[in-house]
Every structure is written in structure tokens, then in C-alpha cells.
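What follows is each chain in one-letter form.
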Amino acid sequence: MSLKGKKIVLGVTGSIAAYKTPQLVRLLIKAGAEVRVVITDAAALFVSPLSLATVSKYPALSSVSDGSTWNNHVELGLWADGMLIAPCSANTLGKLANGLCDNLLNAVYLSSRCPVFIAPAMDEDMWLHPSVQSNVSRLKGFGNHLIPVGHGELASGLTGDGRMAEPEDILHYLENFWEGKYRPLAGIKALVTAGPTYEPIDPVRFIGNFSSGKMGIAVAEALADKGAQVTLVLGPSNERTTHSMVKTISVVTALEMYDACMAEFNQCQIAILAAAVADYRPLVKASEKIKKNETEFNLILTKNNDILASLGKIKEPWQTLVGFALETNNELEHASGKLEAKNADMIVLNSLKDEGAGFGHDTNKITLLIKGKDNLDLPLQSKKSAAGAIVDNLIKLRYDQETV
Ligand code: CTP
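Within any chain, residue numbers begin from 1 and follow the written order of that chain's sequence. Only residues with pLDDT of at least 70 are given local features in this predicted model, and only at 80 or more are side-chain atom pairs given and counted; all residues enter the totals for whole chains, interfaces and linings. Note that water and hydrogens are dropped before the side-chain values are worked out from all heavy atoms of the structure.

A. Expanded view of the site of the ligand. Neighbouring the ligand are 14 residues, the closest being Leu273, Ala275, Leu308, Phe324 and Lys342. Here a polar contact means two N or O atoms within 3.5 Å. Within protein one must be a hydrogen donor candidate and the other an acceptor candidate, and residues neighboring in sequence count only if both atoms are side-chain atoms. Take Ile307: an N or O atom from its main chain is 2.9 Å from a nitrogen atom of the ligand. When the free accessible area of the ligand is taken as 570 Å², the share hidden by the protein chains comes to 76%. Residue assignment for the shell around the ligand shows that the elements contributing at least two residues are α11 (307–314) and β18 (320–327). A run of DSSP states H or I qualifies as a helix once it reaches four residues; a run of E qualifies as a strand once it reaches two. Both are numbered from the N-terminal end. Looking at the shell around the ligand element by element, the count peaks at 4 residues for β18. Taken together, the residues of the shell around the ligand sort by class into 8 nonpolar, 2 polar and 4 charged. Whether a residue is near a molecule or strand is decided by its heavy atoms; if any one of them lies within 4 Å of it, the residue is near. Only the protein chains shown count as cover for residues, with accessible areas throughout obtained via the Shrake-Rupley method and a probe of 1.4 Å. Nonpolar residues are Ala, Val, Leu, Ile, Met, Phe, Trp, Tyr, Cys and Pro. Charged residues are Asp, Glu, Lys and Arg, and all others, Gly as well, are polar.

Structure follows, in C-alpha cells:
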């Protein structure tokens, strides 16, 4: 009973593969799910609503109102733990990608807050058409899960890609998702920096900052939860991670952090630099403790290497680079300047003006600036869930760039 207690809305659209949906409903129910079917008029030409009602034990709904009763799409959308659209025709893909709402199925999709799984089905030329592929990319970009199409004999008589995944494969996809086996970053190596750096003045003093390392560690764990093998380069911090997929390299200074990153980066597909690296270090570290003999004390500082900018210079197309920006004024302008200047794919902007955001807190309020996309303002949330949002958006970005 791998789907025990899961409430699934199955949306069926007009494709010959719709004839397989009573079997799909049977499999979902056998796996423990409760299923409600929503069917389009075109789908009813390929499969009988009565068959679907019989196997699911609920009426197969097709319109927002059935004469005197209103089928509450919002209620259905909120009821569901998951919405599965199988088969999903080219027409419905286009509507979902563009927010159209001309039938009950689209209305439920727009009202749902749960994960949505889409199993497309169409002829190969339709499937490969740039307009359909662009709709698929858009839908992935919204966070929908696209179940890969199958290869084989098509209704047109041609052979190729575009068949709906078999009901058993769709079931496995959902089982993997809910059993936490959904690991889109499996096999991917990631580099994360976190914490402050300390720049020694003499054997007992340093220049540092208030970074706790919590945000970077949360990012490392969020990547690892999605299957990535993570190297965490951690400045002096009291925080630790025990995640089995995260290897920690402890460093103290910006120079050490730079060296560790340069050594790791060429094996990593992803780098997220969350560390608050000191921009300057004392030009000389005094070998003995400095005495307070003088009334004034001048310290000459020299610039540290910018790790993010250095990685941006050597980044290959298969690598995705994310930086952070902590700003106190003209936040968006400064952050988008960093996106450009450091050749990053994403900048996570923290504003110190936001209550509960920034150093030391367990919460954070961030804005994501993503290359070629609109900015994404996220609400105040725990650093753990902010890290999850960063990683989810990074996965979407890599899908769009076809690097996952
Ligand atoms: N960063 C880095 N190496 C540095 C300085 C910063 O890798 N020597 C990275 C940080 O980890 C962060 C991003 O660059 O991902 C932005 O850092 P920030 O200090 O906010 O910006 P700076 O580029 O240093 O610019 P400024 O201090 O002028 O705002």
C-alpha cells in the first residue's frame, strides 16, 4: 500500500491513451490511494465516464456545474494530495502552461496547491513541436512534474516518442515521489560555502563578521536531500551538519576558502556561495601580539580574491553558479549588478532592512534574482525552507537550461 491515504485527482484529457485510465485508477486504488476523476469532453470520446466512475467509486466529473449542482473546483483542488493529469493532450498542455480555464480540469489545476504530475500523450511530431516543448518547459518551470513520454507505436501508425507512460510506470513515478525517492540531483556534485571568514591581525585577533553559517548549511542539506553529493567549505562556525551526503572542509581565512573552492569547483555541476567572505585582510599578520602602545593604530588591509567572481570566470555551460548578496540599501540594483558582474546564474538577496532576515536568525526573507527571469520575492520563512526554495528554483533553472 505504497500510496496509502493519498488523495489523488486524476485529470483525463482527449487522447487515445485515455482508454488506459480505468486500469490506472485500479492500480492507484490498489496502492492505497483515494481517487476522484475529472474528465474533459474530448476524453469522454475515448473512455467512458461510467467506467471511470465505476472503478473510482465516485462520479467522473466533467463540468463546473452539472445542471443543479456546482462541482467545487477549489474544494477538489485543496482536497488533493496530488493531481495527476494522464493522458495530457497537447491542447491541455497548452492551456495549463498559459493559465487558461475553460473546463473543470483546468480550474482544478489552477486551484490546487499540491504537487501536479503530468503524463503527456501525443504523436511524435506534435510532441517535438517547439510550441509544445516550450509549454513543457514552462510547466516544469512552474514546478510541475513531467512524467517522461514513452517510445513506441503511436496511434498515427508512426513509431516514435510521445506515448503516455504505461499505468505501471506512472504508479512507480508517484510511489518514488512520495517515498522521498524523488532525487533530481542524484549523481550531481555540489559545492557550498558557508559561515564567516576570520582574517588574522596577530596571533590573538582577527577581522570577522557575524555570519553564523546557518543559511549555507541549510542550503547544503537541501541539496543533499535532493540527492546531490555536497562539499561544504565552512568558515569558523559553531554550526555543524551530520547529513551523510555532505562532506565538510573547515577553513578559517578567505584565502583558505578560495583555495578549497578552486580545488573542488571543476568536479561540481552546482556551486552555491553563501559564505560571508571578508573582502579585505590585513596586509601583514603580526607574528607577536600587538601591544597598545600608541594612541592611534593603523591597519593596512589588502583585498581578498572574490571567490564567486573567480568561479564565474571559469564556469562552464554545464555548471550553475549561485551567489548571495547582503545589502542595506538599493538592494535590487546592487544584487542585479552582482548577478552580471560575477557571471552568476542566480543571486539570493538578503536585505538587512527586513526584520528576521540575515545573520544569526533562524528565519530569512529572500528575493531570488535569476538570470533571464523575473525576480521572485519569498516570504519570511525558516532558513530550512528558504534553502529548499533556493534549491527548487535552481533545479527548475537547470531544467530550463537542460543541464539536469
Ligand atoms: N563573495 C566571495 N568572495 C569574496 C566576497 C564575496 O565569494 N571575497 C561572495 C559571497 O559568498 C556572496 C557574494 O560574493 O555569494 C556577494 O558577497 P557580498 O559581500 O555581498 O558582495 P561583494 O561582492 O563583496 O560586494 P560589496 O561588499 O561591495 O557589496
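B. The pattern of salt bridges, seen in detail. Any carboxyl oxygen of Asp or Glu that lies within 4 Å of a side-chain nitrogen of Lys or Arg is treated as forming a salt bridge with it. With the rule as written, the count across this model stands at 12 salt bridges. Residue Asp362 is joined to Lys214 by a salt bridge in which the shortest nitrogen-to-oxygen separation is 2.8 Å. Here Lys214 lies in helix α9 (residues 214–225) and Asp362 lies in the loop between β19 (346–351) and β20 (363–364), a separation of 148 residues in the sequence. Working definition: with a 1.4 Å probe on protein chains only, accessible area under 20% of the residue-type maximum means buried, over 50% means exposed, and in between means partly exposed. On the accessibility criterion, Asp362 (53% relative accessible area) is exposed. Since its relative accessible area comes to 22%, Lys214 is described here as partly exposed. A salt bridge links Asp345 to Lys371, with the nearest nitrogen and oxygen atoms 3.5 Å apart. Here Asp345, found in the loop between α12 (331–341) and β19, pairs with Lys371, found in the loop between β21 (366–370) and β22 (376–377); they are 26 residues apart in sequence, far enough to count as distant. Here the residues in one salt-bridge network are Lys20, Arg163 and Glu166, joined through shared partners.

C. Inspection of the domain arrangement of the chain at higher detail. By convention here, the domain bounds are inherited from an automatic or database domain assignment. Splitting the chain by domain gives domain 1 (7–178) and domain 2 (189–288 + 305–391). A straight line from the C-alpha centre of domain 1 to that of domain 2 covers 40 Å.

D. Geometry of the sheet that holds β22. Pairs of strands are assigned from DSSP output, requiring at least two bridges between the strands. Read from one edge to the other, the open sheet built from 8 strands follows the order β14-β13-β10-β15-β18-β19-β21-β22, with strand pairing classed as mixed. Two strands bound the open sheet, and with one partner strand each, they are β14 (246–250) and β22. Direction of pairing for strand β15 (residues 270–273) relative to β18: parallel, over a ladder of 4 bridges. If you follow Ile270 over to β18, its bridge partner there is Thr320. Any pair of residues with heavy atoms lying within 4.5 Å of one another is described as a contacting pair. Convention adopted: a line fitted to C-alpha atoms gives each axis, helices being fitted over their contacting stretch, and angles between N-to-C directions are expressed from 0 to 180 degrees. Across the face of the sheet, helix α10 (residues 254–265) comes into contact with β10 (189–194), β13 (229–234), β14 and β15 while running at roughly 170° to β10. Those strands touched by α12 are β18, β19 and β21, and its axis lies near 155° from that of β19.

E. Layout of the packing of α9 against helix α13 (residues 383–400). Direction vectors running N to C along α9 and α13 enclose 55°, while the axes themselves pass 8 Å from each other. If you check the angle between α9 and α13, you find them oblique. The element α9 and its partner α13 pack so that their crossing is right-handed. Touching Lys214, Met215, Ala218, Val219, Ala222, Leu223 and Asp225 of α9 are Lys383, Lys384, Ala386, Ala387, Gly388, Ile390 and Val391, all from α13. Residue composition of the contact of α9 with α13, by class: 9 nonpolar, 1 polar and 4 charged. Orientation categories follow fixed angle ranges, with anything under 35 degrees roughly parallel, anything over 145 roughly antiparallel, 65 to 115 roughly perpendicular, and all other angles oblique. A clockwise turn of the near helix away from the far one marks a right-handed crossing, whereas an anticlockwise turn of less than a right angle marks a left-handed crossing.

F. Spatial organisation of unusual backbone geometry. The omega angle of the peptide bond from Ala86 to Pro87 is -5°, so this bond is cis rather than trans. With respect to the helices and strands, the residue Pro87 is situated in strand β5 (residues 82–88). Its identity as a non-glycine residue notwithstanding, Asn343 has a phi of 55°, on the positive side. Relative to the elements of secondary structure, Asn343 occurs in the loop between α12 and β19. Among the residues examined, Asn343 registers a relative accessible area of 33% and is labelled partly exposed.

G. Structural detail: the state of the cysteines. For this text, the term disulfide refers to a pair of cysteine sulfurs within 2.5 Å. In the structure shown here, the tally under the stated rule is 0 disulfides. Sulfur of Cys101: no disulfide; nearest cysteine sulfur belongs to Cys88 and is 15 Å away.

H. Here's a closer look at the pairing of β21. Most of β21 is tucked away, with 5 of its 5 residues classed as buried. Side chains of β21 alternate between two faces, with Ile366, Leu368 and Ile370 and Thr367 and Leu369 buried alike. Sheet topology places β19 next to β21; 5 bridges connect them, and they run antiparallel. Residue pairing across strands places Met346 opposite Ile370, the latter belonging to β21. Pairing between β21 and β22: 2 bridges, direction antiparallel. Bridged to Leu368 within β22 is Leu376.

I. Highlighting the nonpolar core. Here, nonpolar core refers to any group of buried Ala, Val, Leu, Ile, Met, Phe, Trp, Tyr and Cys residues whose side-chain atoms link them within 4.5 Å. With 37 residues, the main nonpolar core has Val219, Leu223, Val230, Ile272 and Ile390 as its most contacted residues. Breaking this core down by element, the ones donating at least two residues are β10, α9, β13, β15, β18, β19, β21 and α13. Setting aside chain neighbours within four positions, we find Leu223 in contact with Leu185, Ala190, Val192, Ala228, Val230, Ile270, Ile272 and Val391. Listed in part, the 32 residues of the second largest apolar core include Ile8, Val25, Ala121 and Ile147.

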